[in-house]
Amino acid sequence: MSSERGQATVEWTGLMLMVALALGGLAAAVRPAPAAPELGEALAERIAGAAAGAAAREEPGGAAPLASPPRHPAAMAPPARPHPPRASPLRRGPRPAPPGSGIGFPRVPVGDAFRWLRGAVGHGINRVWIGCLAHRRFRYGLRQGQTWIRPMPPGESFGALNECLNPVEFLGDD
Amino acid sequence: MAPRIHRIAGAAWCALAAGASLGFLARDLLGLPQPWVAFGWSAGAALGLWLVRRGRPP
């Protein structure tokens with residue numbers, strides 16, 4: 001029997017790879033929406049204008065308050081419309097409980113939860129097969145007594161790809 | 001012509017990848033027998049095509 005040195009390293013590497021895949025899929029499923037452009041700049045303008053006005057009012061001697069600095073067009077624009085409802089129920093805060101219903105647990109509408117689940121399945125279903133390649137590599141390493149550092153030969157790599165993607169490998173009778 | 005080919009190729013890839021995903025789960029992770037592996041692959045391919053049809057390409 002070949003040496004089992006480094007065996008725990010191989011197992012932990014495979015485990016960490018699986019955890020990374022799972023977390024990556026989860027992060028892709030609940031990716032936050034991008035922030036509205038120029039919102040931060042508009043907020044900074046408003047804060048700077050308010051601070052300048054307060055400083056002018058506090059000055060003794062009755063100097064005329066400074067004119068408000070020129071504002072960014074985005075700061076003078078009417079308030080943006082609220083965002084449309086998001087599909088992910090995980091981003092919603094707890095809803096107020098209706099009167100007389102007891103403790104206010106977060107309530108997630110069934111429709112939203114179903115849409116979120118469908119989105120998560122849609123994002124993940126086409127990426128799970130990549131785990132097949134990792135599984136083949138892991139088994140190859142076990143068979144050869146190797147660590148993950150040494151590369152797989154091209155023939156073995158193509159064989160693993162064939163076993164993971166070729167429908168005949170799944171539908172055939174063996 | 002090109003968008004049509006692109007759409008067909010995308011649907012074929014989604015079906016293949018989704019079938020391979022469920023086939024991998026059934027064959028390697030769950031160790032199910034061959035008929036169940038074939039059923040899992042077919043169900044995954046159908047699910048992938050359904051998701052494409054619903055306008056949510058994975």
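Residues numbered from 1 in each chain as written. Chains lettered and ligands numbered in written order. Predicted model: local features only at pLDDT ≥ 70, side-chain atom pairs only at ≥ 80, totals over all residues.

Here's the deal with the overall build of chain A
- Secondary structure assignment for chain A yields seven helices and zero strands.
- In sequence order, the secondary structure elements of chain A are arranged as α-α-α-α-α-α-α.
- For chain A, with 174 residues in total, the buried portion stands at 7%.
- In chain A, of all internal contacts separated by at least 6 residues, the share reaching a separation of at least 24 is 61%. (Helix = DSSP H or I, 4+ residues; strand = E, 2+ residues; numbered from the N terminus. Buried ≥ 20, exposed ≤ 12 C-beta atoms within 10 Å, placed from the backbone. Contact = placed C-beta atoms within 7 Å.)

Quick word on the interface of chain A and chain B
- At the interface, 17 residues of chain A touch 22 residues of chain B.
- Looking at the side of chain A that touches chain B, the elements that each hand over two or more residues are helix H4 (110-124), helix H5 (129-144), helix H6 (154-165) and helix H7 (167-171) of chain A.
- For the side of chain A that touches chain B, the leading source of residues is H5(A), giving four residues.
- Its residues assigned to classes, the side of chain A that touches chain B comprises nine nonpolar, six polar and two charged. (Nonpolar A, V, L, I, M, F, W, Y, C, P; charged D, E, K, R; others polar.)

Notes on the confidence of the model for chain A
- For chain A, the mean per-residue pLDDT works out to 71, and 56% of the residues sit at or above 70.
- Across chain A, H6(A) holds the top mean pLDDT of 89, while helix H3 (residues 73-76) of chain A sits lowest at 56. (pLDDT = per-residue confidence, 0-100.)

Notes on helix H2 (residues 34-53) of chain B
- Along its 20 residues, H2(B) runs 29 Å from first to last C-alpha, staying within 8% of the 28 Å computed at 1.5 Å per residue.
- Buried within H2(B) are the following residues: B:Val37, B:Ala38, B:Gly40, B:Trp41, B:Gly44, B:Ala45, B:Leu47, B:Gly48, B:Leu51 and B:Val52.
- On its buried face, H2(B) is in contact with H4 and H7 of chain A together with helix H1 (2-29) of chain B. (Expected span 1.5 Å × (residues − 1).)

Some words on the packing of H5(A) against H6(A)
Residues and elements named next belong to chain A.
- The contact between H5 and H6 brings their axes to 9 Å, and the two run at 135 degrees. In terms of their interaxial angle, H5 and H6 are classed as oblique. Handedness of the crossing formed by H5 with H6: right-handed. Together, Trp129, Cys132, Leu133, Arg136, Arg137 and Tyr140 of H5 and Glu156, Ala160, Glu163, Cys164 and Leu165 of H6 make up the contact between the two elements. (Axes fitted to C-alpha atoms, helices over the stretch in contact; angles between N-to-C directions. Parallel < 35°, antiparallel > 145°, perpendicular 65-115°, else oblique. Left-handed = near helix turned anticlockwise from the far one by under 90°.)

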